[in-house]
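Geometric and topological summary
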Amino acid sequence: MFKSPTCTPRDKRLAERLARIAGLDLEALGRQIFSASVSSDKSVEELLNTDFKEFHIAGHDLGIGQITCLDTDAVLARLPELLPAMEKMKAQRHYDLQLLMLTDVLREGTELIFLGDEDVIRMAFDAQDINDHHVFLPHAVSRKKQIVPALALLLLVFPLLVNLPAYSTLSAEQASMPYVLLDALLIVLLQAAFESSV
């Protein structure tokens, strides 16, 4: 409970106060809520559309769903059902990348199921152990503050950097250009693109 970077101390205090007033065990309530989010009677479509949002970053269309749960293995066991349904949704909505975040409260990280360019996932999250369209990302629990910014940085900035000429090939005039300004411009562009996509 209360592991997300978007959770504030005020949120925690208010939840504890309300739990005392209602006579509830906050941890037990949290376990009950998170267990219900991946109930076996939920259809694959319901799972995929849980807390689902679209993002448009640098000409790329992304669809990202997020399920907060206590047992990612139960959902991963349904991978043979999930992947075809994700492929269908990705094709219908013309996504370049589709993600389903299984944010595990106990493991304090996210099992990321994805369809799209595996290299994007590998580079954005420095993910080495990708296995059958999913990878575990330790400490990644927020779509807004962790997943989307990492993807935005890769999709916006990386193409610019790859197309910049190597420093050794620049003329003396170009080499004296204030690259600090270029860095600042890239950061401003990244922030603007991210804010418009959220």
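Use the structure listed above.
Residues numbered from 1 in each chain as written. Predicted model: local features only at pLDDT ≥ 70, side-chain atom pairs only at ≥ 80, totals over all residues. Heavy atoms only, no water.

Section: helix H5 (residues 79–93)
Residues three or four positions apart in an α-helix share a direction because the helix packs 3.6 residues into each turn. For the record, the criterion: Secondary structure elements follow DSSP: runs of H or I of four or more residues count as helices, runs of E of two or more count as strands, with numbering from the N terminus. One less than the number of residues in a helix, times 1.5 Å, gives the span that helix is expected to have. Contact between two residues is taken to exist if any of their heavy atoms lie within 4.5 Å; hydrogens are not considered.
Helix length check: H5 (15 residues) gives 20 Å between terminal C-alpha atoms against 21 Å at 1.5 Å per residue, within 8%. Where H5 is buried, its residues meet helix H3 (44–48), helix H4 (72–76), strand S3 (97–104), strand S4 (109–115) and strand S5 (134–138). Immediately downstream of H5, the backbone of His-94 shows phi near 60°, a positive value.

So, the pattern of salt bridges
The cut-off we apply is this: Should a side-chain nitrogen of Lys or Arg be within 4 Å of a carboxyl oxygen of Asp or Glu, the pair is scored as a salt bridge. Burial classes: relative accessible area under 20% of the type maximum marks a residue as buried, over 50% as exposed, and values in between as partly exposed (1.4 Å probe, protein chains only).
Applying the stated criterion across every chain, the model contains five salt bridges. The shortest N-O distance in the salt bridge between Arg-143 and Asp-51 comes to 2.9 Å. Within this pair, whereas Arg-143 is found in helix H7 (residues 143–163), its partner Asp-51 is found in the loop between H3 and strand S1 (53–57), the two being separated by 92 residues in sequence. When its relative accessible area of 41% is taken as the criterion, Asp-51 is described as partly exposed. A salt bridge links Asp-119 to Arg-122; its shortest N-O distance comes to 3.1 Å. One end of the pair, Asp-119, and the other, Arg-122, are both in helix H6 (residues 118–125), three residues apart, so they sit about a helical turn from each other.

With respect to the sheet that holds S3
Here is the rule we go by: Two strands pair under a simple rule: DSSP has to find at least two bridges between them. All axes here are fitted lines through C-alpha atoms, helices being fitted over the stretch that makes contact, and every angle between N-to-C directions spans 0 to 180 degrees.
The strand order across the open sheet built from five strands is S1-S2-S3-S4-S5, with neighbouring strands paired in mixed fashion. Of all the strands in the sheet, just S1 and S5 have a single pairing partner and so form its edges. For this sheet the average axis-to-axis angle between neighbouring strands, irrespective of direction, equals 25°. Two elements, strand S2 (residues 60–69) and S3, share eight bridges in a ladder whose sense is parallel. Of the residues in S3, the one forming a bridge with Leu-62 is Leu-97. Contacting S1, S3, S4 and S5, H5 runs over the sheet at an angle of about 60° to S4. Its contacts with the sheet put H6 on S3, S4 and S5, and the angle it makes with S4 is roughly 155°.

Remarks on the side chain of Glu-111
Keep this limit in mind: In the analysis that follows, any N or O atom pair within 3.5 Å is treated as a polar contact, provided that within protein one partner can donate a hydrogen and the other can accept it, and provided that, for residues neighboring in sequence, both atoms belong to side chains.
Its location among the elements puts Glu-111 in strand S4. A residue is classified by how much of its surface remains accessible, and Glu-111, at 5% relative accessible area, is buried. Of note is the side chain of Glu-111, whose polar atom sits 2.9 Å from the side chain of His-134. Here Phe-136 takes part through its backbone nitrogen, which lies 3.5 Å from a polar atom of the side chain of Glu-111. Those residues in contact with Glu-111, other than ones at most four positions away along the chain, are Thr-72, Leu-76, Leu-100, Met-101, Leu-102, His-134, Val-135 and Phe-136.

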